[in-house]
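Coordinates in review
Below are the chains, spelled out letter by letter.
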Amino acid sequence: MSKKDSVLSKEQQTLLKQFKKQISNPHSSTRAAQQESKKTSAGAEETDDLDLFKKALQGVKPLQNSNIAQVKPPVQRKLDAQTLAKRAAAEGPQEAELTELSDTQAMLNPVASQASLSYRIATLQHRVFEDLKAGKLRWFEAVDLHGCTVEQARAAVLQIIQMAKDANENVIKIVHGKGPEAILKTYVNGWLRQHRDVLAFVSAPENQGGTGAVLVLLKRAEKNPKHKQ
């Protein structure tokens, strides 16, 4: 550094160095200015876009949570037994089916209100019966017999079995209740043992009705000779 430079203040020395740098590389300052100009222009464009976006959203209201549809899996429902009985009467169930379900076995074998029902044909696989017993097999429909007469209950049982056969489903649920005399429970126990399409039935697990309901396993439609006819 020359004596002249040492006399200058630090600020003056910095300015002098910048001036010398510009003289030696005149394009650098131009590029810096251009870059700064581009940044300014880009910032202005972003501001314009933001203003346009805000204008486009004027009058738009956010969706309320109460307006959002709640998508839930379909809940399996219980059919009204009296409706099924009326439907069976309108369709005119075959006499052969009605005579199949006699009341003799029920009267000879009454069951207690808290008794667990259990039945299976000899050829049914043990694993399938255990799955039915544990409630692992998804049932197609359920019918609640509370408030029915014996004849309404009989017609409803026949109707729901026919509905399952028509839909090629093989598990249904029958809610018979467990009143002090267990009348409907006794009849259901007798009827299901006589029906040719019933492979097995068992009292439902506690979380599905316990001893007040039975899960019934039916023959598949394609294995049902009557269905083929």
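Right above here is the structure, for reference.
Conventions used here
- Residues numbered from 1 in each chain as written.
- Predicted model: local features only at pLDDT ≥ 70, side-chain atom pairs only at ≥ 80, totals over all residues.
- Heavy atoms only, no water.
- Helix = DSSP H or I, 4+ residues; strand = E, 2+ residues; numbered from the N terminus.
- Buried < 20%, exposed > 50% of the residue type's maximum accessible area, 1.4 Å probe, protein only.
- Contact = heavy atoms within 4.5 Å.
- Areas by Shrake-Rupley, 256 points an atom, 1.4 Å probe, with all protein chains shown as cover.
- Expected span 1.5 Å × (residues − 1).
- Phe/Tyr/Trp six-rings, centres within 6.5 Å; stacked < 30°, edge-to-face > 60°.
- Pairing = 2+ DSSP bridges.
- Core = buried A, V, L, I, M, F, W, Y, C linked by side-chain atoms within 4.5 Å.
- Patch = residues over 30% accessible without salt bridge, like charges linked within 9 Å, V, L, I, M, F, W, Y side chains within 5 Å.
- Salt bridge = Lys/Arg side-chain N within 4 Å of Asp/Glu carboxyl O.

With respect to the overall build of the chain
Across its full length, the chain carries 10 helices and 6 strands. When burial is assessed residue by residue, the chain has 34% of its 229 residues classed as buried. For the chain, contacts bridging at least 24 residues in sequence account for 75% of all contacts bridging at least 6. As displayed, the chain has an accessible area near 15300 Å², and 54% of this comes from carbon and sulfur atoms.

Focus on helix H8 (residues 150-166)
The end-to-end C-alpha separation of H8 is 24 Å, in line with the 24 Å expected for 17 residues at 1.5 Å each. Among all positions in H8, only Ala153, Arg154, Ala155, Ala156, Val157, Leu158, Gln159, Ile160, Ile161, Met163, Ala164 and Lys165 are buried. Positioned one or two residues after H8, Asn168 has a phi angle of 55 degrees, which is positive.

Overview of the packing of aromatic side chains
Across all of its chains, the model carries 2 aromatic pairs by this definition. Here Tyr119 and Phe201 contribute two aromatic rings whose centre-to-centre distance is 5.3 Å and whose plane-to-plane angle is 25 degrees, an arrangement assigned as stacked. With Tyr119 in strand S2 (residues 118-120) and Phe201 in strand S5 (residues 198-203), this residue pair connects regions lying 82 residues apart in the sequence. What makes Phe201 buried here is its relative accessible area of 0%. Between Tyr187 and Trp191 the ring centres are 5.6 Å apart and the planes differ by 35 degrees, which places this aromatic pair in the tilted class. With Tyr187 and Trp191 both in helix H9 (residues 183-194) and 4 residues apart, the pair spans about one turn of that helix.

Observations concerning the pairing of strand S6 (residues 213-218)
Burial runs high along S6: 6 of the 6 residues are buried. When strand S4 (residues 171-175) meets S6, the two strands line up antiparallel, connected through 5 bridges. The residue of S6 that forms the bridge with Ile172 is Val216. In this structure, S5 lies alongside S6, joined through 5 bridges in antiparallel fashion. When the bridges of S6 are listed, Val202 appears paired with Leu215.

What to know about the nonpolar core
In terms of nonpolar packing, the biggest core is built from 27 residues, with Leu145, Ile172, Ile174, Leu192, Phe201, Val214 and Val216 touching the most fellow members. Mapped onto this core, the elements with two or more residues apiece are H8, S4, H9, S5 and S6. Considering every element that reaches this core, the biggest residue donor is H8, with 7 residues. Residues within four places of Leu192 in sequence aside, it is in contact with Val157, Ile161, Ile174, Val198, Phe201, Val214 and Val216. Of all hydrophobic cores here, the second largest spans 14 residues; its members include Trp139, Ala142, Val171 and Leu217.

Quick word on unusual backbone geometry
Even without being a glycine, Asn168 presents a positive backbone phi close to 55 degrees. With respect to the helices, strands and loops of the structure, Asn168 is situated in the loop between H8 and S4. Classification of Asn168 as partly exposed rests on a relative accessible area of 32%. At Ala182, a residue that is not glycine, the phi angle is positive and equals roughly 50 degrees.

A look at a nonpolar patch on the surface
A cluster of nonpolar side chains, contributed by Leu50, Phe53 and Leu57, occupies part of the molecular surface with about 290 Å² of accessible area. Tracing the chain through its elements places Leu57 in the loop between helix H3 (26-56) and strand S1 (78-80). Judged by relative accessible area, which is 40%, Leu57 ranks as partly exposed.

Concerning H9
A rise of 1.5 Å per residue sets the reference length of H9, with its 12 residues, at 16 Å; its end C-alpha atoms lie 17 Å apart and thus fit the reference within 8%. Burial in H9 covers these residues: Leu184, Lys185, Thr186, Tyr187, Val188, Asn189, Gly190, Trp191 and Leu192. If you follow the buried residues of H9, they end up packed against helix H6 (104-108), H8, S4, S5 and S6.

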